[in-house]
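Survey of secondary and tertiary structure
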Amino acid sequence: MNFFEQQDRAKRNTARLVTLLCLAVISLIAMSSVAVVLILAGFDVLSSDADYNVASSWMSRALELFDWELVLAISVLVVTVVVLGSLFKHFQLRSGGKAVAESLNGRLINPGTTDLDERKILNVVEEMAIASGIAVPPVYVIEDDAINAFAAGHSPQDAVIGITRGCLHLLNRSELQGVIAHEFSHVFHGDMKLNIRLVATLHGILLIGLVGYLLLRSAPFRRGGSDNKAGAAMAAIACIGLALVVIGFAGTFFGNLIKAAVSRQREFLADASAVQFTRDPDGIAGALKKIGGYQPGSQVQAANATEYSHMFFSQAVSTSFSAMMATHPPLPERIRRIQPQWDGQFAVVQEGALAEPTPPPVNARARLNAVTMAAASVMAAEHAAKDSNEGSVSVAAAHTTIDAIGQPGSQHVQYAQRMLETLDPVLKDAAHDSYSARAVVYGLLLSQSPDIQAQQLAALQKHAQPEVYSALQALLPRYANLEPRLRLPLLELSLPALKQLSPAQYATFKTCLDLLIQADKRISLMEWALHRIIVHNLEAPPTGHSSGKLADYRDECESLLSAVIQAGHPNTGPAQAAFQTATANLPFQGLQLQPPMVASAQTLEFAVNRLSQLQPSEKRPLLQALAQAVEHDGVLTTTEAELLRAIADALDCPLPPLLENAP
């Protein structure tokens with residue numbers, strides 16, 4: 001099942017979840033109605049002085065009280081509590097993964113940390129992010145001895161990775177890669193959004209029990225003296241409160257059953273994806289074996305661990321009904337799916353033990369000879385950039401990489417490792433600091449023209465923060481030798497630091513970006529691509545649902561394909577031929593290649609914003625058409641490759657790096 005099918009499946013699971021939770025709410029309404037009617041009827045009967053059969057009178061009175069007005073009132077009350085509780089929790093989690101990590105007492109790892117364990121996990125996360133084509137997510141550490149981790153967020157743009165101290169301390173690099181690859185699978189397949197919706201909805205159901213608890217506590221203190229009727233009323237309130245507590249716990253129980261069932265099925269998929277990603281079943285299997293042989297296991301002690309238990313790598317809380325309520329499959333079952341020949345023995349791990357030393361990495365030059373790779377980089381600004389300085393990748397690379405969306409392989413991890421090893425250490429370190437990360441991005445936008453660059457630097461000196469401008473001045477000589485293929489990895493490394501900017505700092509940063517881009521009175525496609533990636537990953541996404549059909553976006557597809565083709569085909573004849581090939585399989589007739597002045601960065605921006613509303617399955621033929629467009633002339637330049645990367649990012653389709661000699 002590919003990325004697009006998984007995204008569609010996630011949407012279907014969300015619809016099923018909503019249906020199941022609606023049924024749960026209806027059940028709660030029914031239970032609440034019956035409980036309230038029986039309690040009120042009982043107190044009416046018991047407070048009466050008449051001498052009659054209590055049981056029959058109770059039932060008769062209950063039937064009298066059970067009318068549509070009462071049921072409607074109870075329904076409104078229950079739905080209001082659930083909806084308000086869910087909206088409140090959704091509001092709490094509006095910042096995405098950051099809110100979840102902080103709720104679990106997670107601490108953001110400083111990208112410039114000198115702690116060896118923290119440095120190791122940051123390096124693994126950076127490799128995985130570059131290899132998969134998503135922004136490098138911030139990493140939070142939970143000071144807990146358990147071996148566990150999680151990914152949380154509404155989307156890849158606000159996702160975070162959380163990891164326990166025990167996981168950092170006890171797993172070697174290969175095992176950490178397996179765990180992080182598992183969590184990245186949840187990022188790819190839309191599981192994170194479903195997880196947060198589960199948390200918010202179950203919180204609403206839990207509030208029913210909380211309302212009952214408040215009623216139960218308040219009733220004894222609301223005495224009306226010795227009046228029998230007043231006493232009976234207070235007793236009725238207490239009984240209703242007790243009933244709501246029971247009903248609330250029942251609703252939470254069934255809600256957790258739904259949560260556990262949904263979560264267990266996704267864990268098998270994430271395990272399989274991790275093996276495909278790393279091509280190392282021993283890594284994730286080794287982590288699971290250590291959990292099984294470690295006394296604290298994966299049990300997280302954070303106060304809110306139960307609420308977020310379905311987000312973790314392994315069972316985070318103990319359950320009284322392990323078979324039904326477990327959010328994860330049993331460890332032996334998970335391990336045997338990865339290693340069918342496993343002997344059933346867990347690894348023996350002592351508290352305080354250290355992870356086995358990680359084998360030394362393969363020499364970078366040897367890896368480069370073993371794995372040939374492309375220069376998927378930030379685009380050159382000019383159309384005539386098809387020369388040896390720009391570089392190119394194989395003609396089959398685009399289609400192969402589109403097939404790898406959401407399913408990156410070990411060759412992409414090796415690519416990422418190579419890029420990180422080749423980057424200038426000074427630039428790489430600068431990308432990890434919020435001040436110098438801004439300078440790193442400014443440097444990527446500086447023109448090669450001395451006159452325009454002088455204008456850009458003058459504008460920055462006037463508008464940028466002095467410390468940032470000073471950092472840029474110190475970094476300028478480093479850009480002279482920066483290979484084009486390293487620009488995108490450098491940008492991706494900068495994103496976690498940029499996400500820590502305050503609103504005022506970000507406003508200044510964005511103003512400076514605009515000044516750099518507009519210095520030459522035009523917006524090149526390179527500048528658009530860079531700006532598009534930054535904005536898409538640092539700003540809140542536009543509201544709306546992914547429900548559009550490709551056939552409804554004729555003009556946008558025409559503009560998008562024209563801009564991509566004009567970027568790599570400056571001559572009209574080849575451009576027209578590429579356009580015809582690319583549009584042949586799209587559901588349109590009579591599309592026209594737009595001239596360069598029309599197929600501009602502005603029209604491209606409008607097109608991708610509209611096309612981002614496509615259903616996941618509708619995005620695949622569009623990306624395939626884009627691949628045909630850039631591959632038509634037999635040479636895929638880095639300009640075309642990076643434009644494809646920026647468009648895929650805007651469409652929420654994480655495009656892995658384009659590799660040379662794609663099979």
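Procedures and definitions
- Numbers given for residues are sequential positions, taken from 1 along each chain in its written order.
- Thresholds applied to this predicted model are a pLDDT of at least 70 for local features of residues and 80 or more for the giving and counting of side-chain atom pairs; totals over whole chains, interfaces and linings are not thresholded and use all residues.
- To obtain the side-chain values, all non-hydrogen atoms of the structure were used and water was disregarded.
- The helix count covers DSSP runs of H or I at least four residues long, the strand count covers runs of E at least two residues long, and both are numbered beginning at the N terminus.
- Three labels apply to residues, based on accessible area from a 1.4 Å probe with only protein chains included: buried if under 20% of the type maximum, exposed if over 50%, partly exposed otherwise in between.
- Positive charge is attributed to Lys and Arg, negative charge to Asp and Glu, and no charge count is given to His or to the chain ends.
- Any Lys or Arg side-chain nitrogen located within 4 Å of an Asp or Glu carboxyl oxygen qualifies as a salt bridge.
- In this description, contact between two residues means that some pair of their heavy atoms is separated by no more than 4.5 Å.
- What pLDDT expresses is the predictor's confidence in each residue, scored from 0 to 100.
- For two strands to count as paired, DSSP must find a minimum of two bridges between them.
- Axes here mean lines fitted to C-alpha atoms, for a helix over just the part in contact, with angles spanning 0 to 180 degrees between N-to-C directions.
- Working definition: a ring pair exists when centres of Phe, Tyr or Trp rings (six-membered ring for Trp) sit within 6.5 Å. Plane angles under 30 degrees give stacked, over 60 give edge-to-face, the rest tilted.
- Over a ring means this: the NZ of a Lys or the CZ of an Arg is within 6 Å of the ring centre and within 35 degrees of the ring normal.

**Focus on the side chain of Asp144**
- Secondary-structure assignment places Asp144 in the loop between β2 (139-142) and β3 (149-152).
- Here Asp144 sits buried without a salt bridge, and the closest side chain of opposite charge, Arg165, lies 10 Å off (N-O distance).
- Those residues in contact with Asp144 that lie beyond four places of it in its chain are Thr164, Arg165, Gly166, Gln299, Val300, Gln301 and Ala302.

**Points about the confidence of the model for the chain**
- Scored by pLDDT, the chain comes out at a mean of 79, with 78% of its residues at no less than 70.
- Note that pLDDT drops below 50 for residues 221-226; the model gives that stretch 3 contacts with residues more than four away or on any other chain.
- A low-confidence stretch, residues 358-393 stays under pLDDT 50, and its non-local contacts, those more than four residues away or across chains, total 84 contacts.

**Re the pairing of strand β4 (residues 160-164)**
- With 5 of 5 residues buried, β4 is to be regarded as a mostly interior element.
- Along β4, one buried face is formed by Val160, Gly162 and Thr164 and the opposite face, lined by Ile161 and Ile163, is buried too.
- In this sheet, β4 lies alongside β2 in parallel orientation, the contact comprising 4 bridges. Within the sheet, the bridge partner assigned to Val141 lies in β4 and is Ile163.
- Sheet analysis places β3 next to β4, joined by 4 bridges and oriented antiparallel. Paired with Ala151 across the two strands is Ile161, which belongs to β4.

**Structural notes on unusual backbone geometry**
- With a phi angle near 65°, Lys521 is a residue other than glycine that sits in the positive phi range.
- Accessibility expressed as a relative area gives 78% for Lys521, which makes it exposed.

**Structural notes on the sheet that holds β3**
- Strand order across the open sheet formed by 4 strands is β1-β2-β4-β3, with mixed pairing between neighbours. Each of the sheet's edge strands pairs with one partner strand only, and the pair in question is β1 (107-108) and β3.
- Of the strands in this sheet, β1, β2 and β4 are in contact with helix α5 (residues 116-132), which crosses β2 at around 140°.

**Overview of the packing of aromatic side chains**
- If you walk through the whole model with that rule in mind, you get 6 aromatic pairs.
- Geometrically, the ring pair formed by Phe150 and Phe312 is edge-to-face, given 5.3 Å between the ring centres and 65° between the ring planes. A residue pair is termed long-range when its members are at least 10 positions apart, and Phe150 in strand β3 and Phe312 in the loop between α10 (281-293) and α11 (322-325) qualify at 162 residues. For the residue pair Phe150 and Phe312, the accessibility class agrees, reading buried in each case.
- Aromatic side chains Tyr506 and Phe509 sit 6.2 Å apart centroid to centroid with 45° between the ring planes, which places their arrangement in the tilted category. Taken together, the residues span about one helical turn, with Tyr506 and Phe509 both in helix α21 (residues 503-517) at a distance of 3 residues. Just as Tyr506 is buried, Phe509 falls in that class too.
- Linked through ring pairs, Phe184, Phe188 and Phe277 together constitute an aromatic cluster.
- Just above the ring of Phe91 sits the side chain of Arg94; from NZ or CZ to the centre is 3.9 Å.
- The lysine or arginine in question, Arg334, covers the ring of Phe313, its NZ or CZ lying 5.0 Å from the ring centre.

**Some details on the environment of Ala274**
- For Ala274, the location among the structural elements is in helix α9 (residues 228-278).
- For Ala274, a relative accessible area of 1% gives the class buried.
- Between the alpha carbons of Ala274 and Gly409 there is a distance of 9.1 Å; along the sequence they are 135 residues apart.
- Not counting chain neighbours up to four residues away, the residues in contact with Ala274 comprise Gly178, Ala181, His182 and Ile284.

**Observations concerning the pairing of β2**
- Residues Val139 and Val141 of β2 are buried on one face, and the alternating residues Tyr140 and Ile142, pointing to the opposite face, are buried as well.
- In this structure, β1 lies alongside β2, joined through 2 bridges in antiparallel fashion. When the bridges of β2 are listed, Leu108 appears paired with Tyr140.

**Structural notes on the pattern of salt bridges**
- Within the structure shown, the criterion is met by 19 salt bridges.
- Of the charged contacts in the structure, one is a salt bridge between Glu118 and Arg107, with a shortest N-O distance of 2.5 Å. One end of the pair, Glu118, is in helix α5; the other, Arg107, is in strand β1, and 11 residues separate them in sequence.
- Classification of Arg107 by relative accessible area gives partly exposed; the value is 36%.
- Across the pair Asp191 and Arg266 runs a salt bridge, and its minimum N-O distance is 3.3 Å. A residue pair is termed long-range when its members are at least 10 positions apart, and Asp191 in helix α8 (residues 191-218) and Arg266 in helix α9 qualify at 75 residues.
- Residue Asp191 is classed as buried on the basis of its relative accessible area of 3%.
- For Arg266, a relative accessible area of 2% puts it in the buried group.
- Here the salt bridges share partners, and the residues they tie into one network are Arg107, Asp115, Glu118, Glu143 and Arg165.

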